[in-house]
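Here are the chains, one letter per residue:
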Amino acid sequence: MYYIETGSTDPCYNLAFEEYVLKNRTEGDWLMLWQNDNTVVVGLNQTAQEEINREYVDAMGVNVVRRRTGGGAVYHDLGNLNYSFISDTGALEEMTLQHFSEPVCRALKTMGLDAVCSGRNDILIDGRKISGTAQRIEKNRILYHGTLLFDSDLDAAAAALRADPSKFSSKSTKSVRSRIGNIREMLAEDMTLAEFRSRIMAELAEEDITVCSLDEEELAAVEELALVYRSREWTYGKGPKFGYNNRKRCEGGTLGVSAEIDKGVIQDIMFFGDFMASTDCTAACEVLRGVAFEPEAVIKALSGLELAPMFGGISAGDICGLLFD
């Protein structure tokens, strides 16, 4: 067993580091333990906008990044410990999520916790989800990674992931919200996250472990790969086409919207409501087609228009709030 650390809490860098190890360490079993600063990590086949509470993540500076494995969106903070296994695929029928979850469950049981693998891709303690997992195959290698909620801010997790499904329609993979809990609250004897990390590492790696690192050239390659994870196109443009519908009461009247978004770009949009307009809003719809589905891009596109004749007392800020509330 080889062990390697990223030395970072930057989610884009950490995901790039993990991908680099998967693609370039092609022999032996590898273990990573790592942490991200406040982040929503969305699954490969999800629509990012559907999974996040946009107002909250923007206000609180929560990172949003897409990973290269499937499954649902999860929240990471420094009270959460992530683990990654990288190994040969072997017989694919044996490479189940449970196959890799069992060692984690055994490690938790040594701490007096009755951890069990659920029917999906979760690990539960007393019916509460403390770990979500996902996997990816790259040639003859398999990556299996998961979270361990040790002492996370569960209120922040609920707020960051609280998106209103009634506003969206798409064929993306939907997150299944489970009753989550922190491992620390369930321990008979308290320990710090550092102590927990050491216990997990000792149990997962057993005694035969070699600590490794990447050289400067490899770290530069990780930095280059991290640029992909930092890009808006990867996080917001990768997801499938989706429809967005919303309605809200503004000071200038009721405003509604129906929009089609593809690759993170507004393809079509229509406004409706009882606001006092003297002309139709065709010009506003036209300037928004082809614009990134982002608050700053929408405000910039509308800035060159005289909105009062089209929307009465409704402002560009009201329109932006409707789209990203």
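Described below are features of the structure shown in this document. Not measured: the values here are computed from a predicted model. (Residues numbered from 1 in each chain as written. Predicted model: local features only at pLDDT ≥ 70, side-chain atom pairs only at ≥ 80, totals over all residues. Heavy atoms only, no water.)

Describing the sheet that holds strand S10 (residues 141-149)
Here's step 1: Read across the open sheet, the eight strands follow the order S7-S8-S9-S10-S6-S2-S1-S12; overall the sheet is mixed. Lying at the two open borders of the sheet, with one neighbouring strand each, are strand S7 (115-117) and strand S12 (210-212). Neighbour to neighbour, the strand axes of the sheet diverge by 25° on average, direction disregarded.
Here's step 2: Looking at chain direction, strand S1 (residues 2-4) and strand S2 (residues 30-34) are connected through three bridges and run parallel. Residue pairing for S2: Tyr3 is matched across the bridge by Leu31.
Here's step 3: In this fold helix H1 (residues 11-24) packs onto S1, S2, strand S6 (80-88), strand S9 (128-138) and S10, with an angle of close to 175° to the strand it touches most, S2. (Pairing = 2+ DSSP bridges. Helix = DSSP H or I, 4+ residues; strand = E, 2+ residues; numbered from the N terminus. Axes fitted to C-alpha atoms, helices over the stretch in contact; angles between N-to-C directions. Contact = heavy atoms within 4.5 Å.)

Here's the deal with the nonpolar core
Here's step 1: Of all hydrophobic cores here, the largest spans 31 residues; its most connected members are Leu108, Leu148, Ile183, Phe196 and Ile200.
Here's step 2: Taken together, the elements giving at least two residues each to this core come down to S2, S6, helix H4 (97-109), S7, strand S8 (122-125), S10, helix H6 (183-186) and helix H7 (193-205).
Here's step 3: Contacts of Ile200, omitting those with residues within four sequence positions, involve Leu33, Ala107, Leu108, Met111 and Leu148.
Here's step 4: Judged by nonpolar contacts, the second largest core, of 30 residues, contains Ile261, Ile269, Val298 and Leu322. (Core = buried A, V, L, I, M, F, W, Y, C linked by side-chain atoms within 4.5 Å. Buried < 20%, exposed > 50% of the residue type's maximum accessible area, 1.4 Å probe, protein only.)

Overview of the pairing of S9
Here's step 1: By the criterion of burial, S9 is predominantly enclosed, with eight of the 11 residues buried.
Here's step 2: Pairing geometry for S8 and S9, over four bridges, is antiparallel. The residue of S9 that forms the bridge with Ile125 is Arg128.
Here's step 3: Counted between consecutive antiparallel strands, the loop separating S8 from S9 contains two residues, among which Asp126 sits at a positive phi close to 55°.
Here's step 4: Relative to S10, S9 runs antiparallel, the two sharing six bridges. Note on S10: the bridge partner recorded for Thr133 is Gly146.
Here's step 5: Counted between consecutive antiparallel strands, the loop separating S9 from S10 contains two residues, among which Lys139 sits at a positive phi close to 55°.

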